[in-house]
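Structure assessment
Chain by chain, the residues run as shown.
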Protein chains: 2
Amino acid sequence: MQIAEPLQRAIDELNKLPTIGRKTALRLALYILKSKEENVTTLTNALLALKTDLRFCNTCHNISIDEECEICKSTRRDKSVLCVVEEPSDVIAIEKSNEFNGVYHVLGGVLSPLSGKGTDDLNIDSLVKRVEHSDIRELILALNPDTEGETTALYLARLFKNSNLNISRIARGLPVGGDLEFADQATIGRAFIGRIKVE
Amino acid sequence: MQIAEPLQRAIDELNKLPTIGRKTALRLALYILKSKEENVTTLTNALLALKTDLRFCNTCHNISIDEECEICKSTRRDKSVLCVVEEPSDVIAIEKSNEFNGVYHVLGGVLSPLSGKGTDDLNIDSLVKRVEHSDIRELILALNPDTEGETTALYLARLFKNSNLNISRIARGLPVGGDLEFADQATIGRAFIGRIKVE
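Residues numbered from 1 in each chain as written. Chains lettered and ligands numbered in written order. Predicted model: local features only at pLDDT ≥ 70, side-chain atom pairs only at ≥ 80, totals over all residues. Heavy atoms only, no water.

Counting its regular elements, chain A contains eight helices and six strands. Going from the N terminus to the C terminus, chain A shows its helices and strands as α-α-α-β-β-α-β-α-β-α-β-α-β-α. By the compact-globule yardstick of 16 Å for 199 residues, chain A is too spread out, its C-alpha radius of gyration being 21 Å. The buried share of chain A, taken over its 199 residues, is 39%. Contacts in chain A between residues at least 24 apart in sequence constitute 44% of all its contacts with a sequence separation of at least 6. A distance of 2 Å separates the average location of the 25 positive side-chain charges in chain A from that of its 29 negative side-chain charges. (Helix = DSSP H or I, 4+ residues; strand = E, 2+ residues; numbered from the N terminus. Rg over C-alpha atoms; globule rule 2.2 N^0.38 Å. Buried < 20%, exposed > 50% of the residue type's maximum accessible area, 1.4 Å probe, protein only. Contact = heavy atoms within 4.5 Å. Lys, Arg positive; Asp, Glu negative; His and termini not counted. Charge placed at Lys NZ, Arg CZ, Asp CG, Glu CD.)

Okay, here's the thing in structure tokens:
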């Protein structure tokens, strides 16, 4: 038996999404097929609104409704501290921690020669302009602790070496609630190098 | 920071789908936000088409484009053997095995007093009429080997006890490629009860 064409098409489209394999795509398609029509249109309208109602902030490239995002517009944020992240999802994660009150700059990825991503593909030009034209004192590099994140952090640190910026990177070490016994060597190594003196 | 309303709405809607947790919903929403607009409309159109272009077969309740599904319409299928399954996804799974050339009857679920699903909520009436009005010789109950599937199979077996139908259930035992060491007791028990004589 051939799977009915509209079902096959929906499976193929869902399968293109990250984390959705063919079995999950089939399950989702059958679930949607059984849902009420109004629920399906609510879902599809919400997905379409992502493209029509949202844009990227002109200043920091984070997700935004207006030309400038809520964080850049806010008067309560410390504009002298700039946190550089890879993706908008990192902004959401950091905001959830409630530990940072500065502003962000979303690179839109990391340097990755293998996937052909160079400096021109990231929002680095606008970062340089921002640093030049505003009162930024401190640059916090909050990139993922993998090879590409490390490379990008190194590149940015060198790029701003001659500026008066205070450049730092977020700490690597054991995750809170983590178990030393099960931590990998690199993490334990980093935790030792980054040890903090007990006062 | 509040997550922008359109993004939050998309996350909420995606989160309603089975197997999609909040983190996956966020990841999918951000992926869609970054996709080309034409790719998003292709996806949403494919999802909407599930409701507009598909229906359930009048005879067997399987997914269908027309009033009767491809399997019921086919002249190459053995209409005297009827396989009873829970959901359309089971039809797809059985068809993939290429082991069955009869026709199907999709119950649309199983008897489940706890979730308030009784005989009236399943396609049992139409099954009884089908058995009465067509030349069905054999009924194969291919329900899931869980409590509710067993209960439903027992109910159907009793319902057709006085008919001349040859009623069978698909075999339970060790899955092909499975490991006896790791099989659960119930499966091993069933495999022993259902042992087949070596000729």
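So, next bit.
As a further point, take empty space enclosed by the protein. A complete count under the given rule lists one cavity of 30 Å³ or more for this structure. In this structure, the largest cavity occupies an estimated 60 Å³ of space. What lines the largest cavity is Leu14, Leu17, Ile20, Leu28 and Leu47 of chain A together with Leu14, Leu17, Ile20, Leu28, Ile32, Leu43 and Leu47 of chain B. Those elements that place two or more of their residues in the lining of the largest cavity are α2 (22-34) and α3 (37-52) of chain B. Looking at the lining of the largest cavity, its residues break down into 12 nonpolar, no polar and no charged. (1 Å grid on protein atoms, 1.4 Å probe; cavity = no way out; pocket = protein on both sides within 12 Å on 5 of 7 lines; lining within 4 Å. Points joined across faces, edges and corners; volume = space filled by probe spheres on them. Nonpolar A, V, L, I, M, F, W, Y, C, P; charged D, E, K, R; others polar.)

Before going further, it helps to spend a moment on the confidence of the model for chain A. Of all residues in chain A, 99% attain a pLDDT of 70 or more, and the chain-wide mean is 91. ipTM for the predicted complex: 0.82, alongside a pTM of 0.81. (pLDDT = per-residue confidence, 0-100.)

We now examine the domain arrangement of chain A. Each domain of chain A was delimited in the assignment, giving domain 1 (5-53) and domain 2 (76-176). For domain 1 of chain A versus domain 2 of chain A, the distance between C-alpha centres works out to 34 Å. (Domains from an automatic or database assignment.)

Residues and elements named next belong to chain A. The four strands are arranged β4-β3-β5-β6 in an open sheet whose pairing can be described as parallel. Each of the sheet's edge strands pairs with one partner strand only, and the pair in question is β4 (103-106) and β6 (166-169). In this sheet, adjacent strand axes meet at a mean angle of 25° when their direction is disregarded. Sitting on the sheet, helix α5 (residues 88-97) is in contact with β3 (81-85) and β4, with an inclination near 155° to β4. (Pairing = 2+ DSSP bridges. Axes fitted to C-alpha atoms, helices over the stretch in contact; angles between N-to-C directions.)

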